[in-house]
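One letter stands for each residue in the lines below.
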Amino acid sequence: MPSANKNLSVSVIIPVHNGGESFRRCLSSIAAAVPPPHEVIVVADGDTDGSWCVAQEYYTKVLKIPVCSGPAQARNLGAWAATGDILFFVDADIIIYPDTIRQVAIAFGCEPEMAAMIGSYDDAPGAKNFLSQYKNLLHHYVHQTACEDASTFWGACGAIRREAFFAVGGFDNCYRRPTIEDIELGYRLKQAGYTIKLCKSLQVKHLKHWGVVSLLRADFSIARFLGQS
């Protein structure tokens, strides 16, 4: 069991496919973190907009996948390259707060029995259209009112001890699109007896612009997975 007094190092892993301006804002927020993470690993998943070049501007470790293979494989590749005690997965369209890395390190240091933790979106979404406000604020409400003993993982803002991640085999590479690969990982962690906690104070800002099609596709994927579980 990990020691509660150990100073844990945090590796930030970001999969990106044509991240655009949101990705630059994501990297800027991580660069402003105090203390900074142990390392930042960006996995450019078949991007065609030069996102990997943007990542190099921020002195991150950049890995490139020539053909888009999905966030599951990209995150796994980043995890294999990481050297930190904690693997902190964030999406390319979120902004962290200056104390986010510190929160993650302290939480794992104080709770040696915790294998993984997830956060939530904040209550001030980046996109101002109705569907984006609705989707993100609903997510915020659900997480802020949920039980802290979680049974799922969350790739947009989720951290896990490296030994637990590799013990269950990481993300399932069969998911070639961003769907429920993180939820599925959480199910396997729980089945293996690991503890996942929802940290309600760990919040990030989501920049994604939701439309009707993207919202329905995301909700359908979750519903289909839950129906099969």
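Note that the structure is a prediction, hence the values are computed from the model and not measured. (Residues numbered from 1 in each chain as written. Predicted model: local features only at pLDDT ≥ 70, side-chain atom pairs only at ≥ 80, totals over all residues. Heavy atoms only, no water.)

1. Some details on the confidence of the model for the protein chain
So, point 1. The pLDDT averaged across the protein chain works out to 90; a share of 89% of its residues lies at or above 70.
So, point 2. Below a pLDDT of 50 lies the segment residues 1-5, which in the model reaches nine contacts outside its immediate sequence neighbourhood of four places, other chains included. (pLDDT = per-residue confidence, 0-100. Contact = heavy atoms within 4.5 Å.)

2. Overview of helix α7 (residues 181-191)
So, point 1. Buried within α7 we find E181, D182, I183, E184, L185, G186 and L189.
So, point 2. A positive phi of about 90° marks G193, the residue just after α7. (Buried < 20%, exposed > 50% of the residue type's maximum accessible area, 1.4 Å probe, protein only. Helix = DSSP H or I, 4+ residues; strand = E, 2+ residues; numbered from the N terminus.)

3. Quick look at the pairing of strand β1 (residues 10-16)
So, point 1. With respect to burial, β1 is a largely interior element, seven of its seven residues being buried.
So, point 2. With burial as the criterion, each face of β1 is covered, one bearing V10, V12, I14 and V16 and the other bearing S11, I13 and P15.
So, point 3. Alignment of β1 against strand β4 (residues 86-90), held across four bridges, turns out to be parallel. Bridge pairing in β4 links V10 to I86.
So, point 4. In the sheet, β1 pairs with strand β2 (residues 39-45) via six bridges, with the strands oriented parallel. Its bridge partner being in β2, V12 is matched across the sheet by V40.
So, point 5. This β-α-β element, β1 to helix α1 (residues 20-31) to β2, shows right-handed connectivity. (Pairing = 2+ DSSP bridges. Right-handed = clockwise from strand over helix to strand, strands pointing away.)

4. Observations concerning the packing of aromatic side chains
Aromatic rings in a pair are described by how distant their centres are and how their planes are angled relative to each other.
So, point 1. Counted according to the given criterion, the structure contains nine aromatic pairs.
So, point 2. Their ring planes at 40° and their centres at 5.5 Å tell us that F89 and F165 sit as a pair that is tilted. Of this pair, F89 sits in strand β4 while F165 sits in helix α6 (residues 162-167), placing them 76 residues apart in sequence. Taken as a pair, F89 and F165 share a single burial class, namely buried.
So, point 3. Residues F130 and Y134 carry aromatic rings whose centres are separated by 6.4 Å and whose planes lie at 15° to one another, so their mutual orientation is stacked. (Phe/Tyr/Trp six-rings, centres within 6.5 Å; stacked < 30°, edge-to-face > 60°.)

5. A word on helix α5 (residues 130-145)
So, point 1. With 16 residues, α5 extends 22 Å between its outermost C-alpha atoms, agreeing within 8% with the 22 Å of an ideal straight helix rising 1.5 Å per residue.
So, point 2. Of the positions making up α5, those classed as buried are S132, K135, N136, H139, H140 and H143. Buried positions in α5, seen along its axis, are confined to an arc of 130° and lie on one side of it. Facing away from the buried side of α5, by more than 90 degrees, are the exposed residues F130 and Y141. (Expected span 1.5 Å × (residues − 1). Arc of directions from axis to C-beta.)

6. Comments concerning the pairing of β4
So, point 1. Most of β4 is tucked away, with five of its five residues classed as buried.
So, point 2. Two strands pair when backbone bridges link them, and β4 and strand β8 (residues 157-161) are joined in this way by five bridges, in the antiparallel orientation. Looking across to β8, one finds that F89 is bridged to G158.

7. Quick word on the environment of I94
So, point 1. Counting through the fold element by element, I94 comes out in strand β5 (residues 94-95).
So, point 2. Along the sequence, I94 and C157 sit 63 residues apart, while their C-alpha atoms lie 8.5 Å from each other.
So, point 3. Not counting the four nearest positions on each side in its chain, I94 is found in contact with C26, S29, Y121, A156, V204, K205 and H206.

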